[in-house]
Amino acid sequence: MPDIATINGIAEDNIATHNGATASTVASRNGDTWVHWGPPETVGTAVVFESAEISYNRVAALSETKAVVVYRDVGNSYYGTACVLDTDGNSVTAGTPSVFSSRNLQGVGITRLSSTTMVIIYMGDGDKPRGRVISVDGTTITLGTESATFYTTAGWSGGVTALSDSLVVQAARDSGTGDKGKVCAGSISGTDLTWGTPVELTGNAADHHDVIKLTATTAIIVFSDSNNTQTAIVATCSGTGGRTISLGTAVVFDGDVEYNSLATFSETKVVVCYRDTGNSSYGTACVLDVSGTSITAGTPTVFNSIDSQYIDCSELNDSNLIALFRQGGSGSKNTKASICVMGVDGTTISPRTAVNEVFGATVLTFSDTTKLTGTKLLVTYEDASNSQYGTTRIIYNS
């Protein structure tokens, strides 16, 4: 391999620089893929999927070439809306948006069940969270029956993950019970979704939940507890349809945080990325190793030593992840999109130098990512530089 060099203790190939940000070109080291993620050649063309202001967008892949984005369509009475995104190489083609809820949406999540089915979780203004199964055929979305509510009253800042094609787990705060963090399992039969009884995570108020699958019966949840502690816990599903939840011991691994986002590497290892408000709002990542229902946290690692907002992360392969975030602070990079690729080895996280202004002058808000392949990531966001239109593009290994 040519021109071996080192960044942050990681061997890299063909060191290159763009706008003062150091990154590596296509390379491999000890069998691990280390990719160059940086403008301009590694970012696909922006494609508008909703020619109106959006917010609260979430995206999930159905396959290596197809994903579905869900969002609040501000331009259409704030309705909950979904759109199929097909990819070909590094291009994206958006289908026709389809309304899945005629409520004033206040939060939404989506997860893949199979190559043709997904579950959407959402909440209307002053309403309770609800859910429904959707089926996707080409660019056509067919709605299943809206499920019964499963929390006391309106509450959000949550996430949802599928454990199998017939079981999902959702975590969020429940404002009807003092904003306590709760988790709930739902079973799927055809297009019907049935919820179990929500379980309190710690008995405290909580916020900034995310949840991700570990196994066919377990998920890990991270959240910011009202005691200003970053907390993780494992939920195990059992009983009829898997809808009974039991919890392991909660583990505190940092202080007050925002924008939790989880990436999974195996049934026993995940990484959480977040904005550490207790440390100058720096972008931070931490490895969480799981054994049964026990969690061992590594040392939190700063990946961006500037205010980092709207953080979302996805794994690329078994030793790399990528974080997308909006740069805070002052100067030309303020409010612009940035990315950071991180190597993961045991409990050690090795961040590369963040690539700033990866989408040029685009002002980023309400962003989300989903992995298509080990070298391709689909991004959806509200483009504040273009009338807050719903926009998507691919970040890829050139």
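This part covers the overall build of the chain. Tallying secondary structure elements over the chain gives 0 helices and 35 strands in all. Intrachain contacts of the chain at a sequence separation of at least 6 include 45% that bridge at least 24 residues. When the accessible area of the chain is evaluated, it comes to approximately 14,100 Å², of which 42% is carbon and sulfur surface.

With that out of the way, let us pick up the packing of aromatic side chains. Evaluation of the coordinates by the stated rule reveals 8 aromatic pairs. Ring centres of Phe359 and Tyr381 lie 5.3 Å apart, and the angle between their planes is 20°; on these two criteria the pair is classed as stacked. Pair noted here: Phe359 is in the loop between strand E32 (348–351) and strand E33 (364–373) and Tyr381 is in strand E34 (residues 376–383), with a separation of 22 residues, a long-range link. A relative accessible area of 6% means that Phe359 is categorised as buried. According to the relative accessible area criterion, Tyr381 is buried, its value standing at 0%.

A separate point is the environment of Thr93. By the element assignment, Thr93 lies in strand E10 (residues 91–94). Distance in space between the C-alpha atoms of Thr93 and Thr139 is 9.9 Å, their sequence separation being 46 residues. Once you skip the residues sitting within four places of it in the chain, Thr93 turns out to touch Val84, Leu85 and Asp86.

On to the sheet that holds strand E13 (residues 117–124), then. Here 4 strands make up an open sheet; going across it, the order is E12-E13-E14-E15 and the pairing antiparallel. Whereas interior strands pair on both sides, the edge strands pair on one side only; in this sheet they are strand E12 (105–112) and strand E15 (140–143). With strand direction ignored, the average angle separating the axes of adjacent strands in the sheet is 30°.

Turning to the pattern of salt bridges, a few remarks are in order. By the definition in use, this model includes 10 salt bridges. Measuring nitrogen to oxygen at the nearest pair gives 2.6 Å for the salt bridge that ties Asp86 to Lys66. Here Asp86 is found in strand E9 (residues 79–88), whereas its partner Lys66 is found in strand E8 (residues 66–73), with 20 residues between them in sequence. Note on Asp86: relative accessible area 23%, which makes it partly exposed.

Summarising the element assignment, Lys269 is placed in strand E26 (residues 269–276). At a separation of 2.8 Å, a polar atom in the side chain of Lys269 contacts the side chain of Asp289. Among all residues touching Lys269, those that are not within four sequence positions of it are Thr264, Val287, Leu288, Asp289, Val344, Gly346 and Thr347.

Quick look at the pairing of strand E30 (residues 320–327) now. With 8 of 8 residues buried, E30 lies mostly within the body of the structure. Pairing of strand E29 (residues 301–317) with E30 involves 7 bridges; the strand directions are antiparallel. Within E30, the residue paired with Ser308 across the bridge is Gln327. As paired elements, E30 and strand E31 (residues 337–345) share 7 bridges and run antiparallel to each other. Across the sheet, the residue bridging to Arg326 is Ala337, located in E31.

Within the fold, Thr81 resides in strand E9. Of the polar contacts made by the side chain of Thr81, one reaches the backbone oxygen of Tyr79; its length is 3.2 Å. If sequence neighbours within four positions are ignored, Thr81 has contacts with Glu50, Val69, Val70, Tyr71, Asp73, Pro97, Ser98, Val99 and Phe100.

By the element assignment, Tyr282 lies in strand E27 (residues 282–291). Residue classification places Tyr282 among the partly exposed residues on the basis of a relative accessible area of 24%. Along the primary structure Tyr282 and Gln327 are separated by 45 residues, whereas in three dimensions their C-alpha atoms are 9.9 Å apart.

Okay, unusual backbone geometry next. Its identity as a non-glycine residue notwithstanding, Glu357 has a phi of 50°, on the positive side. Tracing the chain through its elements places Glu357 in the loop between E32 and E33. Glu357 gets classed as partly exposed once you look at its relative accessible area, which sits at 24%. A positive phi angle, close to 60°, is found at Ser387, a residue other than glycine. Following the sequence through the fold, Ser387 ends up in the loop between E34 and strand E35 (389–396). Accessibility expressed as a relative area gives 43% for Ser387, which makes it partly exposed.

Procedures and definitions
Within every chain, residues take consecutive numbers counted from 1 along the sequence as written. Restriction of local features to residues with pLDDT of at least 70 applies here, the model being predicted, together with a cutoff of 80 or more for giving and counting side-chain atom pairs; totals for whole chains, interfaces and linings are based on all residues. Water and hydrogen atoms were dropped before computing side-chain values, which therefore reflect all heavy atoms in the structure. Segments assigned H or I by DSSP are reported as helices when at least four residues long, segments assigned E as strands when at least two residues long, and all are numbered from the N terminus. Any two residues whose heavy atoms approach within 4.5 Å at even a single point are treated as in contact. Values of accessible area rely on a 1.4 Å probe in the Shrake-Rupley scheme; residue burial ignores everything except the protein chains shown. When two rings of Phe, Tyr or Trp (its six-membered ring) have centres within 6.5 Å they constitute a pair, described as stacked for plane angles under 30 degrees, edge-to-face for angles over 60, and tilted for the intermediate range. For every residue, the accessible area obtained with a 1.4 Å probe (protein chains only) is divided by the maximum for its type, and the residue is called buried under 20%, exposed over 50%, and partly exposed between those limits. What makes two strands pair is DSSP finding at least two bridges between them. Under this scheme, a helix contributes an axis fitted over its contacting stretch, all axes are lines through C-alpha atoms, and angles between N-to-C directions fall in the 0 to 180 degree range. Definition used for salt bridges: Asp or Glu carboxyl oxygen within 4 Å of a side-chain nitrogen of Lys or Arg. Identification of polar contacts relies on pairs of N or O atoms within 3.5 Å, with a donor-acceptor requirement for protein atoms, meaning one able to donate a hydrogen and the other able to accept it, and with residues adjacent in sequence counted only if both atoms are side-chain atoms.

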